[in-house]
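Coordinates in review
Residues per chain, in single letters:
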Amino acid sequence: MNAIVLLSFFFAVCGLFSSIHSRNFTSRPAVVNIGAIFSFETTIGRVAKIAIEEAVKDVNANSSILRGSKLVVSMHSSNCSGFTGMVEALRFMETDAVAIIGPQSSVVAHIISQVVNELRVPLLSFAATDPTLDSLQFPFFVRTTRSDLYQMAAIAEIVDYYGWKQVIAIFIDDDNGRNGILALSDKLAERRSKISYKVGIPPDSGVTRGDIMDILVKVALMEPRVVVLHVNPKLGFSIFSVAKYLGMMSNGYVWIATDWLSSYLDSSSPLPSETMNIMQGVLALRQYTPDSDRKRSFSSRWSNLTGGSLGLNSYGLYAYDSVWLVAHAIDAFFEQGGVISFSNDSRLRSEGGDLHLDAMSIFDDGLLLLKNVLRSDLVGLTGPLKFDSDRSLILPAYDVINVIGTGYRQIGYWSNYSGLSTVPPETFYMRPPNRSSANQQLYSVIWPGETVLKPRGWVFPNNGKQLRIGVPIRVSFKEFVTKVQGTDMFKGFCIDVFTAAVSLLPYAVPYQFIPFGNGKENPSYTELVNLITTGFFDAVVGDIAIVTNRTKIVDYTQPFVASGLVVVAPFRKLNSGAWAFLLPFSPLMWIVTACFFIGVGTVVWILEHRINDEFRGPPKRQIITILWFSLSTLFFAHRENTVSTLGRFVLIIWLFVVLIINSSYTASLTSILTVQQLFSPISGIDSLKESDEPIGYQVGSFAEYYLSQELGISKSRLVPLGSPEAYARALELGPKKGGVAAVVDELPYVELFLSTQCTFRIVGQEFTKSGWGFAFPRDSPLAIDMSTAILALSENGDLQRIHDKWLMHSGCSSDSTELESDRLQLKSFSGLFLICGLACFLALFIYFLQIIRQLYSAPTVEAASPLQGSSRSGRLHRLLSLMDEKEDQSRQKNKRRKVERSLSENDGDAKSGSNTKRKGIEMTSGSNINPIS
């Protein structure tokens, strides 16, 4: 019975499975309709039309896909019109099309995407590259080509690779052009570059040659010389023609075209020589498609189809792959039980008229088909057809080409994975990503003007405008920069450095100096630098300190003066007193030296005590010997001879240490007694910070900000001083009489001040490190060239000659004495003391090993006595006795004990007898021992 039930269940399951399989197969319609919308008259459209037709033939000829169904495509031209494209899309809904391929125009794609969203029909575009089409606003739009987001990333990386900072963008003012240039602006900003000027051209065909000439004349008057052209082929060639006429295809210019140019060259080559001549040296991008057998086979087939009259471009390959992508998605759709069915939208009902809105219907399972499209994972003519989480094809890459002669040559590749390279991108896909600048490479380029020298990428605008350079009007330290009375000219050290650097530039720099300040006090340099960010000044020249908060808003040149904050304070002369002989060493040095004298004497005594009679005697005499011996080594006058090897080893090292200490002490004491010493109660910025005395600073200097914000010194302690005379007066008065304890200022000012003020000195060390440079706007190319020129001035000696001209003064006699002669510190001799200490330790260690060895190799006779135990006190007593007794006596006792032990073993039968014999042993005066029998 159970067997019958199981058999019945088996047949039921088989029947259910066969019915499901039969339903999936029979639910496939005989014909599957898809649509295609693009402009047949364009270069891309002509190529795409042939590619789509061939793809449909190949799909229908392949029995492994769409089994039992035939793919039929209906193509309509949109004429690059959004309205026409929308109408054609609505017509497809009357034919029950399950997907639409196209359009090629991003403008049309924006409009049609709204339609397919409502009708739930996937729209696969092989040429619409507008980055904003990837937004969630268009869920049924699927891009089967590369987004302009990646193309603009490639252009930005090329700009960065060649070191350009500003570009000019010319584009068609439609959705595709505007959004593409917006993406370029974002990618350039990531690399600290920017679009300095962008101009949109109307998308209609009414643009004349005169309109283009007006645009390019404006471009020619601007500073950047890198032009990005994001237009269509017709407008692009018109721009190149006018640029050639205006001399803008010559040396110094850089033209970068997006992939419109490469697509046209691939499909229309060879072009007439007149056309090629107007775009020599142009860089362009082309969507990269990896080489494969299928691609080569299709290219050969294409040549046979067209007879060489129309070349195959990358958009044709993507159009071909789009058909296969739809076919595989429909096949998966059928495998999942999907049914092609449409239902009318209740919102679309005709109420009279000829629109027939009720003929349009919604694809019921359109969402399932869309999911299958996005889950696709196959390999086409263009490479892997797989979408990432952003609904973009994986592994975007571009060829970088250079138009030369009658064609072009490839100078490298760009991929989102590895950046710029000279090898195909798939070479890097199996390696970890490496986007370092050292790995970014391109082959050499022949630039406009037939030169291989990289263009600078910018020039000074040829519009008669001069650079407005702000210069501070100083009322003090005028040697650095000052205005010539009655003129608009400036002079000084900083001005001479600037003019000398400008003269080294390979181009002319038109500029004018604009004074800044009221002439009554030094202006605020922070406010002066801030005027660069507002555009009031194009640069700032003067004694401008390079500090952190300013580098965040401007770019500096290479420093032409080393600078930093120092402390200036008054000083007084020190006279040597009765205890001057103690000054060479610090107290700790004295203590450690005394301890080592006593310690070394003690070590030598221990090593010599057993074998040297000069180190033996009563305890009082031995203590005096230790002290006398150790102190007498200071003068190398010790009379005691050292006998042991270890003692001599320690003594040699100690005498070397004493020699160094003695020489250093003598030199330091001589300096103290013969050279005039200077003293200041302020020893540096730390002691100044800990005190509560007033501190002076120069008006307009960044010292005020640093002291108050960085060091936390109260502003109530800071006193502004406007001139060197004010410095001297405030320092002479001192804090008790309304002056200051010290002045904090930059080193160049202080050096100039001290050249005429001989009663003040720099105390402590320079506590900040910076320099002076000329300030320019962020990412200014002139700042880089000026830095190179300043380095050249430094290398050829001109910078030093300018310095000597303005800043060499000798009003004060040269006095190299420092404010307070530093005492000799322990750290200066720590190495010597360490060596000496290790020598003493090693000698004592070896000595005690010898003692312990003797202790255990010569057991005492009394060890067998019941009155003597093996306690620790007994061992310590024997150790001390062994260390104290003279070594010759110790050796004789050891020999006697060995003989006694030998006799004891020979006469072991009678203990009393052996004791008698042991007492009867007589020692001879020599080294021989004769037992008495």
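Keep in mind the model is a prediction, meaning the values are calculated, not measured. (Residues numbered from 1 in each chain as written. Predicted model: local features only at pLDDT ≥ 70, side-chain atom pairs only at ≥ 80, totals over all residues. Heavy atoms only, no water.)

Along the backbone of the protein chain there are 29 helices and 35 strands. Here the protein chain, with 933 residues, has 47% of them falling under the buried criterion. Pairs at least 24 residues apart make up 73% of the contacts formed inside the protein chain by residues separated by at least 6 positions. Working note: accessible area of the protein chain is about 46200 Å², and carbon and sulfur atoms make up 56% of it. (Helix = DSSP H or I, 4+ residues; strand = E, 2+ residues; numbered from the N terminus. Buried < 20%, exposed > 50% of the residue type's maximum accessible area, 1.4 Å probe, protein only. Contact = heavy atoms within 4.5 Å. Areas by Shrake-Rupley, 256 points an atom, 1.4 Å probe, with all protein chains shown as cover.)

In this section: the nonpolar core. Generally speaking, a soluble globular protein has its nonpolar side chains buried in company with each other. Ranked by size, the top nonpolar core spans 86 residues in total, and within it Phe-480, Phe-493, Phe-560, Phe-753, Phe-774, Leu-782 and Met-786 carry the most contacts. Top contributing element to this core by residue count: helix 14 (residues 493–503), with eight residues. Setting aside chain neighbours within four positions, we find Phe-480 in contact with Lys-491, Gly-492, Phe-493, Cys-494, Ile-495, Asp-543, Pro-748, Tyr-749, Leu-752, Trp-772 and Leu-807. In terms of nonpolar packing, the next biggest core, distinct from the first, is built from 66 residues, Ile-37, Ile-101, Leu-325 and Leu-378 among them. (Core = buried A, V, L, I, M, F, W, Y, C linked by side-chain atoms within 4.5 Å.)

Across the sheet, which stays open at both edges, the five strands sit in the order 2-1-3-4-5 with parallel pairing between neighbours. Two strands lie at the open edges of the sheet, namely strand 2 (70–77) and strand 5 (141–143), each paired on one side alone. Across two bridges, strand 1 (residues 31–38) lies against strand 3 (residues 100–101) in parallel orientation. The residue bridging Ala-36 from the neighbouring strand is Ile-101, located in strand 3. Against the sheet, helix 2 (residues 43–61) touches strand 1, strand 2 and strand 3, its axis set at about 170° to strand 2. (Pairing = 2+ DSSP bridges. Axes fitted to C-alpha atoms, helices over the stretch in contact; angles between N-to-C directions.)

On to the packing of helix 2 against helix 11 (residues 293–306). With their axes 12 Å apart at the nearest point, helix 2 and helix 11 run at an angle of 115° to one another. When the axes of helix 2 and helix 11 are compared, the pair comes out roughly perpendicular. Of the two possible hands of crossing, helix 2 and helix 11 adopt the one that is right-handed. On the side of helix 2, the interface is formed by Val-47, Ile-50, Ala-51, Glu-54 and Asp-58, while helix 11 contributes Phe-298, Arg-301, Trp-302, Leu-305 and Thr-306. Grouping the constituent residues of the contact of helix 2 with helix 11 by class yields six nonpolar, one polar and three charged. (Parallel < 35°, antiparallel > 145°, perpendicular 65-115°, else oblique. Left-handed = near helix turned anticlockwise from the far one by under 90°. Nonpolar A, V, L, I, M, F, W, Y, C, P; charged D, E, K, R; others polar.)

Strand order across the open sheet formed by five strands is 29-28-30-25-31, with mixed pairing between neighbours. Both edges of this open sheet fall to strand 29 (718–721) and strand 31 (760–763), since each of them pairs with a single strand only. Strand after strand, the sheet turns through a mean of 35° between neighbouring axes, direction not considered. Here three bridges tie strand 28 (residues 695–698) to strand 30 (residues 742–746), and the two strands are oriented parallel to one another. Bridge pairing in strand 30 links Ile-695 to Ala-742. Here helix 22 (residues 724–733) sits on the sheet in contact with strand 25 (565–570), strand 28, strand 29, strand 30 and strand 31, set at roughly 150° to strand 30.

Once that is clear, we can look at the side chain of Thr-144. Here Thr-144 is to be found in the loop between strand 5 and helix 5 (148–161). A polar contact of 2.7 Å, which involves the side chain of Thr-144, links it to the side chain of Ser-322. (Polar contact = N/O pair within 3.5 Å; in protein donor to acceptor, adjacent residues only side chain to side chain.)

Let us now look at the environment of Gly-470. Summarising the element assignment, Gly-470 is placed in strand 18 (residues 467–472). C-alpha of Gly-470 to C-alpha of Phe-537: the two residues are 67 residues apart in sequence and 5.9 Å apart in space. When sequence neighbours within four positions are dropped, the list of residues in contact with Gly-470 reads Ile-514, Leu-528, Phe-537, Ala-539, Val-540 and Val-541.

Two cysteines whose sulfur atoms are joined by a covalent bond form what is called a disulfide. Summed over all chains, the structure comprises zero disulfides. This cysteine, Cys-840, is not joined by any disulfide, and Cys-836 carries the nearest cysteine sulfur, 4.4 Å off. Relative accessible area serves as the criterion here: at 9%, Cys-840 is assigned to the buried category. (Disulfide = S-S within 2.5 Å.)

A separate point is the side chain of Thr-451. With respect to the element layout, Thr-451 can be found in the loop between strand 17 (419–421) and strand 18. Within the local environment of Thr-451, its side chain forms a polar contact with the backbone nitrogen of Leu-453, the two atoms lying 3.1 Å apart. The residues touching Thr-451, leaving out its near neighbours within four places in the chain, are Asn-251, Val-445 and Ile-446.

Here helix 26 (residues 830–857) contains 28 residues, and its C-alpha end-to-end distance of 40 Å stays within 8% of the 40 Å for a straight helix at 1.5 Å per residue. Regarding helix 26, the residues found buried are Leu-832, Phe-833, Cys-836, Ala-839, Cys-840, Ala-843, Tyr-847, Ile-851 and Leu-855. (Expected span 1.5 Å × (residues − 1).)

Take the confidence of the model for the protein chain next. Interpretation of this model should avoid reading the predicted coordinates in detail wherever pLDDT is low. On average, the protein chain scores 83 in pLDDT, and the residues at 70 or more come to 83%. Confidence drops under a pLDDT of 50 for residues 813–821, and excluding neighbours within four residues, the segment shows 16 contacts in the predicted structure. Within the model, pLDDT remains below 50 along residues 861–869, and this stretch shows five contacts once partners closer than five positions in the same chain are excluded. (pLDDT = per-residue confidence, 0-100.)

Right, let's talk about empty space enclosed by the protein for a bit. On inspection of all chains with the given rule, the structure shows four cavities of 30 Å³ or more. Looking at the largest cavity, its volume works out to about 70 Å³. For the largest cavity, the full set of lining residues is Arg-474, Tyr-525, Asp-543, Ala-545, Arg-550, Gln-698, Val-699, Gly-700, Ser-701, Phe-702, Glu-746 and Tyr-749. Among the residues making up the lining of the largest cavity, the classes are represented as five nonpolar, three polar and four charged. (1 Å grid on protein atoms, 1.4 Å probe; cavity = no way out; pocket = protein on both sides within 12 Å on 5 of 7 lines; lining within 4 Å. Points joined across faces, edges and corners; volume = space filled by probe spheres on them.)

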